Amino acid sequence: MLESFAKWLTFNIFSIKPETLLSETVIFFIYDTIKIFLLLFVIIFVVSIIRSFIPQEKVREILSKKKQFYGNILAAMFGIITPFCTCSAIPLFLGFIEAGIPLGVTFSFLVASPMINEVALILLFGMFGWKIALIYVVSGLIIAIISGIIIGKLKVEKLVEDFVYKNKESHSALVQKTSWQAKINYAKFYTLDIIKKVWIFILIGIGIGAWIHGYVPTDFLAQYAGSGRWYAVPLATLIGIPLYSNAAGIVPLISVLTEKGVSMGTVLAFMMAVTGLSLPEFMILKKVMKTKLILIFAATVGVGIILTGYLFNLII
Amino acid sequence: MTIKLIGACCGIYQSLIKNISEALRQLDMEAKIEKTTNVEEIMKYGVINFPAVIINDKVVFSEYIPTVKEIKDALSKKG
C-alpha cells in the first residue's frame with residue numbers, strides 16, 4: 001500500500017515519467033522515508049512505555065545480586081531497553097559501581113546499551129528486514145557479554161578512578177510518577193525528542209541512498225568492498241568510530257551500498273562500530289577511568305566487531 | 001537561582017529544557033540552566049537516575065520528564 005502511494009505521488013502529483021532513473025529514485029525516497037518515520041513513531045513510543053515499567057533502580061538491584069556470567073547476560077539484555085546517550089554514561093557508571101555491580105557486568109551493559117538501540121534497530125529492520133536486525137541484536141549481545149566477561153577476568157578495578165569507589169552511599173531523591181498519564185507523557189516527549197534529533201540525518205541518508213540506488217551501477221562497489229577483500233571489515237570498523245551521532249543517517253545509506261556490492265558482514269561491522277565504539281563516549285568515560293581501561297574496552301569490543309564482520313561475510 | 005540538569009545533555013531531552021524555560025517564563029522567573037557533566041558534582045547529589053533536575057541544590061525530578069505545571073509547582077515551592 002505504501003509503495004502504491006509512493007508511485008501515485010511520483011507519477012500523478014510530481015508528474016515524473018515512469019520507468020526512468022528519476023522516477024525510481026523519487027519512489028525509493030518517498031517510500032523509505034514514510035516507512036522509516038512510521039516505524040520510528042510507533043516503535044520508540046512503545047519502547048518508551050515498556051521502559052517506564054523498568055526503573056533504573058530496579059535494574060541495578062537485580063544486577064547487583066547476580067554473579068559474573070549470568071550478570072553479564074542480563075546486563076547486556078537490560079542494555080537493549082535502556083536509553084543511552086553519551087553524557088548519561090557517567091551517572092550510569094557511577095550508579096552501577098555504587099550498587100556493587102561487578103565491573104565486568106557494568107561493561108557488558110556499557111557495550112550493549114549504545115550498540116543495540118531502538119533507532120538503529122528500527123532502521124535496520126526497515127531497510128534490511130527482520131533477519132539482519134535479529135543478527136545484529138544477537139551478535140551485539142554476544143559481543144557485549146564476552147567483552148564484559150573478559151574485562152571482569154582481567155581484574156582491572158584499579159584502572160577505575162579511586163574516588164568512584166569511595167562514595168558508597170547513594171541518596172537519590174526520588175520524585176517518581178507512575179501513573180499511566182505520566183508514562184504516556186514521558187513516551188510522547190521521548191519519541192518526539194529522538195525524532196527531532198535524528199530526522200534530518202535520516203532524510204539526508206535516505207536522500208543520498210535514493211540517489212545511489214538510482215544512479216550508481218549495481219556491483220560498482222564489489223571490487224572495493226566485496227566479501228573477497230580482507231581489509232574491508234577492519235577498515236569499515238575504523239571509519240565507523242567517529243560517526244556516532246550520525247548513526248540514524250547511516251543505515252539508509254549503507255542499505256543501498258549492499259545493493260552495489262558491499263558485503264553484509266562488512267555492513268554489520270560498520271554499523272556496530274558506528275553505534276558501539278564512540279569517541280565522545282570514550283572521552284567522557286575518561287573522567288571515571290584511566291585511559292588504559294578505555295583502550296582495553298575499545299580493543300575488546302573492536303576485535304569482537306571485526307570477528308563478527310568476517311563471520312557474516314563468510315556465511316551470508 | 002540555578003537549575004542543574006544531569007544526564008540530559010545529548011540532544012534528546014530537548015523537551016525537558018523547553019518545559020523548564022516555559023515554566024520560568026510563565027512564573028516570570030529567571031534562572032540559569034546548567035547541564036553538568038562534572039563527576040564530583042554528580043556524586044555530591046547522589047544522582048544515579050537520569051535525566052535529573054536539580055533546583056537550588058536539591059534533586060527535584062529524576063528519571064522523569066516533568067510537565068510545565070509540575071516544574072512550576074516545584075519552582076514556586078522553592079521560590
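Quick caveat, the model's predicted, so the values are computed rather than measured.

1. Some words on the overall build of chain B
Then comes step 1: Each helix and strand in chain B was counted, giving 3 helices and 4 strands.
Then comes step 2: From first element to last, N terminus to C terminus, chain B shows the α and β order β-α-β-α-β-β-α.
Then comes step 3: The proportion of buried residues among the 79 residues of chain B is 54%.
Then comes step 4: The long-range fraction of contacts in chain B, counting pairs at least 24 apart against all pairs at least 6 apart in sequence, stands at 63%.
Then comes step 5: As displayed, chain B offers around 3400 Å² of accessible surface, 46% of which is attributable to carbon and sulfur atoms.

2. Points about the sheet that holds strand β4 (residues 58-62) of chain B
What holds strands together in a sheet is hydrogen bonding between their backbones, with the strands either parallel or antiparallel.
Residues and elements named next belong to chain B.
Then comes step 1: The 4 strands are arranged β2-β1-β3-β4 in an open sheet whose pairing can be described as mixed. Each edge of the open sheet carries a strand with a single partner, namely β2 (32-36) and β4. On average, adjacent strands in this sheet sit at an angle of 25 degrees to one another, irrespective of strand direction.
Then comes step 2: The strands touched by helix α1 (residues 14-27) within the sheet are β1 (2-6), β2 and β3 (52-55), with β1 carrying the most contacts at an inclination of about 165 degrees.

3. With respect to a nonpolar patch on the surface
Then comes step 1: Judged by side-chain polarity, Phe125(A), Trp130(A), Leu134(A), Val138(A), Ile142(A), Ile146(A), Ile150(A) and Leu154(A) come together as a nonpolar surface patch covering roughly 750 Å² of accessible area.
Then comes step 2: Broken down by element, the nonpolar patch gets its largest block of residues, 6 residues, from helix α8 (residues 130-153) of chain A.

4. Considering the pairing of β3(B)
All names here are of chain B.
Then comes step 1: Side chains of β3 alternate between two faces, with Ala 52 and Ile 54 and Val 53 and Ile 55 buried alike.
Then comes step 2: Bridge count for β1 against β3 is 4 bridges, and the pairing is antiparallel. Its bridge partner being in β3, Ile 3 is matched across the sheet by Ile 55.
Then comes step 3: The antiparallel pairing of β3 with β4 creates a hairpin that spans 2 residues between the two strands, and Asn 56 there sits at a positive phi of about 45 degrees.

5. A look at the environment of Ser88(A)
Then comes step 1: Relative to the helices and strands, Ser88(A) resides in the loop between α4 (70-81) and α5 (89-98).
Then comes step 2: Taking C-alpha positions, Ser88(A) is 9.5 Å from Glu281(A), a pair spaced 193 residues apart along the chain.
Then comes step 3: For Ser88(A), the residues in contact, after removing those within four places along its chain, are Gly7(B) and Phe50(B).

6. Digging into the confidence of the model for chain B
All names here are of chain B.
Then comes step 1: Residue-level pLDDT values for chain B average 82, and 90% of them are 70 or greater.
Then comes step 2: Ranking the helices and strands of chain B by mean pLDDT puts α1 first, with 90, and helix α2 (residues 39-45) last, with 79.
Then comes step 3: Predicted as a complex, the structure gets a pTM of 0.85 and an ipTM equal to 0.73.

7. Some thoughts on the packing of aromatic side chains
All names here are of chain A.
Then comes step 1: Scanning all chains against the criterion turns up 10 aromatic pairs over all chains.
Then comes step 2: Between Phe 53 and Trp 180, the ring centres sit 5.6 Å apart and the planes meet at 65 degrees, which makes this aromatic pair edge-to-face. Placement of Phe 53 in the loop between α2 (21-51) and α3 (56-64) and of Trp 180 in helix α10 (residues 180-215) is noted, with a sequence separation of 127 residues between them.
Then comes step 3: If you follow Lys 183 out to its NZ or CZ, it ends over the ring of Phe 53, 4.3 Å from the centre.
Then comes step 4: Over the face of the ring belonging to Phe 189 we find Lys 188, whose NZ or CZ atom lies 5.9 Å from the ring centre.

8. Thoughts on the nonpolar core
Residues and elements named next belong to chain A.
Then comes step 1: Judged by nonpolar contacts, the single largest core of 119 residues is most densely connected at Leu 40, Phe 93, Met 115, Phe 128, Ile 202, Val 288 and Leu 293.
Then comes step 2: If sequence neighbours within four positions are ignored, Ile 202 has contacts with Ile 36, Phe 37, Leu 40, Leu 123, Ala 248, Gly 249 and Pro 252.
Then comes step 3: Grouped together as the second largest cluster of nonpolar side chains are 6 residues, Ala 6, Ile 16, Val 26 and Ile 27 included.

9. Considering the pairing of β4(B)
Residue and element names in this part refer to chain B.
Then comes step 1: Counting buried positions along β4 gives 4 out of 5 residues, so the element sits mostly inside the fold.
Then comes step 2: As paired strands, β3 and β4 are joined by 4 bridges and run antiparallel to one another. Across the sheet, residue Ile 55 finds its bridge partner in β4, namely Lys 58.

10. Remarks on the side chain of Ser278(A)
Residues and elements named next belong to chain A.
Then comes step 1: Relative to the helices and strands, Ser 278 is located in the loop between α14 (264-276) and α15 (279-285).
Then comes step 2: The exposure class assigned to Ser 278 is buried, which follows from its relative accessible area of 0%.
Then comes step 3: Of note is the side chain of Ser 278, whose polar atom sits 3.1 Å from the backbone nitrogen of Glu 281.

11. So, the pattern of salt bridges
Residue and element names in this part refer to chain B.
Then comes step 1: Overall, the coordinates contain 8 salt bridges over all chains when judged by the stated rule.
Then comes step 2: Between Arg 25 and Glu 22 there is a salt bridge; the shortest N-O distance is 2.9 Å. A residue pair is termed a helical-turn pair when its members lie 3 or 4 positions apart in one helix, as Arg 25 and Glu 22 do in helix α1 at 3 residues.
Then comes step 3: Since its relative accessible area comes to 26%, Glu 22 is described here as partly exposed.
Then comes step 4: For the salt bridge of Glu 34 with Lys 32, the shortest nitrogen-to-oxygen distance reads 3.3 Å.
Then comes step 5: On the basis of relative accessibility, which here comes to 26%, the residue Glu 34 falls in the partly exposed class.
Then comes step 6: With a relative accessible area of 52%, Lys 32 lands in the exposed category.

Conventions adopted
- Residues numbered from 1 in each chain as written.
- Chains lettered and ligands numbered in written order.
- Predicted model: local features only at pLDDT ≥ 70, side-chain atom pairs only at ≥ 80, totals over all residues.
- Heavy atoms only, no water.
- Helix = DSSP H or I, 4+ residues; strand = E, 2+ residues; numbered from the N terminus.
- Buried < 20%, exposed > 50% of the residue type's maximum accessible area, 1.4 Å probe, protein only.
- Contact = heavy atoms within 4.5 Å.
- Areas by Shrake-Rupley, 256 points an atom, 1.4 Å probe, with all protein chains shown as cover.
- Pairing = 2+ DSSP bridges.
- Axes fitted to C-alpha atoms, helices over the stretch in contact; angles between N-to-C directions.
- Patch = residues over 30% accessible without salt bridge, like charges linked within 9 Å, V, L, I, M, F, W, Y side chains within 5 Å.
- Salt bridge = Lys/Arg side-chain N within 4 Å of Asp/Glu carboxyl O.
- pLDDT = per-residue confidence, 0-100.
- Phe/Tyr/Trp six-rings, centres within 6.5 Å; stacked < 30°, edge-to-face > 60°.
- Lys NZ or Arg CZ within 6 Å of the ring centre and 35° of its normal.
- Core = buried A, V, L, I, M, F, W, Y, C linked by side-chain atoms within 4.5 Å.
- Polar contact = N/O pair within 3.5 Å; in protein donor to acceptor, adjacent residues only side chain to side chain.

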